[in-house]
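# Structural characterization, general
Next come the chains, spelled out residue by residue.
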Amino acid sequence: MKSIQQYLEYLQLSGIEDIYLKPQPDRIFSSQKLDELEKNYQDCKKCPLEEGRENFCYGNGNPKAKLMLIGEGPGADEDATGRVFVGRAGQLLTKMLKAIHLERDEVYITNIVKCRPPNNRNPLPNEINACLPYLEEQISIIQPKLLLLLGKVAASTLLNRNLSLTKFRENTYSFMGIKTYVTYHPSALLRNQGWKRPAWIDLQKLQKDYQKLD
Ligand code: URA
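Reference entry: report on the structure contained in this document. (Residues numbered from 1 in each chain as written. Predicted model: local features only at pLDDT ≥ 70, side-chain atom pairs only at ≥ 80, totals over all residues. Heavy atoms only, no water.)

## Concerning the site of the ligand
All residues adjacent to the ligand are G71, E72, G73, E78, V84, F85, N111 and H185. Within the contact set of the ligand, an oxygen atom lies 2.9 Å away from a backbone nitrogen or oxygen of F85. In the environment of the ligand, an oxygen atom lies 2.7 Å from a nitrogen or oxygen atom belonging to the side chain of H185. Here the ligand, which alone exposes 240 Å², has 92% of that area covered by the protein. (Near = heavy atom within 4 Å. Polar contact = N/O pair within 3.5 Å; in protein donor to acceptor, adjacent residues only side chain to side chain. Areas by Shrake-Rupley, 256 points an atom, 1.4 Å probe, with all protein chains shown as cover.)

## Considerations on the environment of N192
Here N192 lies in the loop between α8 (186-191) and α9 (196-212). Within the structure, N192 has its side chain in polar contact with the backbone nitrogen of G194 (distance 2.8 Å). (Helix = DSSP H or I, 4+ residues; strand = E, 2+ residues; numbered from the N terminus.)

## A few points about unusual backbone geometry
The backbone phi angle of N120 is positive, close to 60°, even though this residue is not glycine. In this fold, N120 is placed in the loop between β3 (108-111) and α5 (125-142). Phi at M176 is positive, roughly 50°, even though this residue is not glycine. Note that M176 resides in the loop between β5 (173-175) and β6 (178-183). Exposure remark for M176: the relative accessible area of 41% places this residue in the partly exposed category. (Buried < 20%, exposed > 50% of the residue type's maximum accessible area, 1.4 Å probe, protein only.)

## A few points about the nonpolar core
Core analysis: the largest hydrophobic core is formed by 60 residues, its most contacted members being L67, L69 and I70. Ranked by residue count, the leading element in this core is α5, at 9 residues. With residues up to four places along the chain from it excluded, the contact list for L67 reads L102, V107, Y108, P144, L146, L147, L148, L206 and Y210. (Core = buried A, V, L, I, M, F, W, Y, C linked by side-chain atoms within 4.5 Å. Contact = heavy atoms within 4.5 Å.)

## Observations regarding the pairing of β3
Of the two faces of β3, both are covered, the one formed by Y108 and T110 as well as the one formed by I109 and N111. Strand direction decides the pairing type here: strand β1 (residues 60-61) and β3, joined by 2 bridges, are antiparallel. Its bridge partner lying in β3, G61 is registered against Y108. Sheet topology note: the strand β2 (residues 67-71)/β3 ladder contains 4 bridges and is parallel. Each bridged residue has a counterpart across the sheet, and for L69 the counterpart in β3 is I109. (Pairing = 2+ DSSP bridges.)

Read these as geometric descriptors, not functional statements.
Next comes the structure, spelled out in structure tokens:
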């Protein structure tokens, strides 16, 4: 703050009395761009998941988020509304974020696949491969500083290895040059309360990194 004030005083002493502040085009650009892409992709027919879907669930949140969360795929509530993580798992995710002092609209949340797999089964390799370009494009537009992968499907897909979730959690990774954390999927935490403690440890580590970001 002090240096801004000194700089303004310096400008004034130099005879500059007006400063023209440009609007931030990249902020406008990324939200408009995501909105446009979301509209364009609504009728996606790149994989068989389109047959059973009600809605294409692109992702929600801050288009300039520093943290992006990536789950597996929409469930029934998400399919019905077109919004990600709105069911029970979503409510828990909101609480997990709050526990590290983050609001949902501060981060961006999406999934590996954008359409609901039947009976909530894991997405198949052809479905994942068809959908991945959407996620990569979202990451390139949003340019988050940190990624949090929720569960084994997100981790094994993006980190390209097959480890147990316990093993995945032991490290951080780089995906598209972005520091990447792995933790339990909120649905898994609903099934097994015993994983809440290790998940809390993961979140605290992530929070430390998040606080260091400018
Ligand atoms: N589970 C997910 O992986 N994503 C959602 O959007 C909802 C539940």
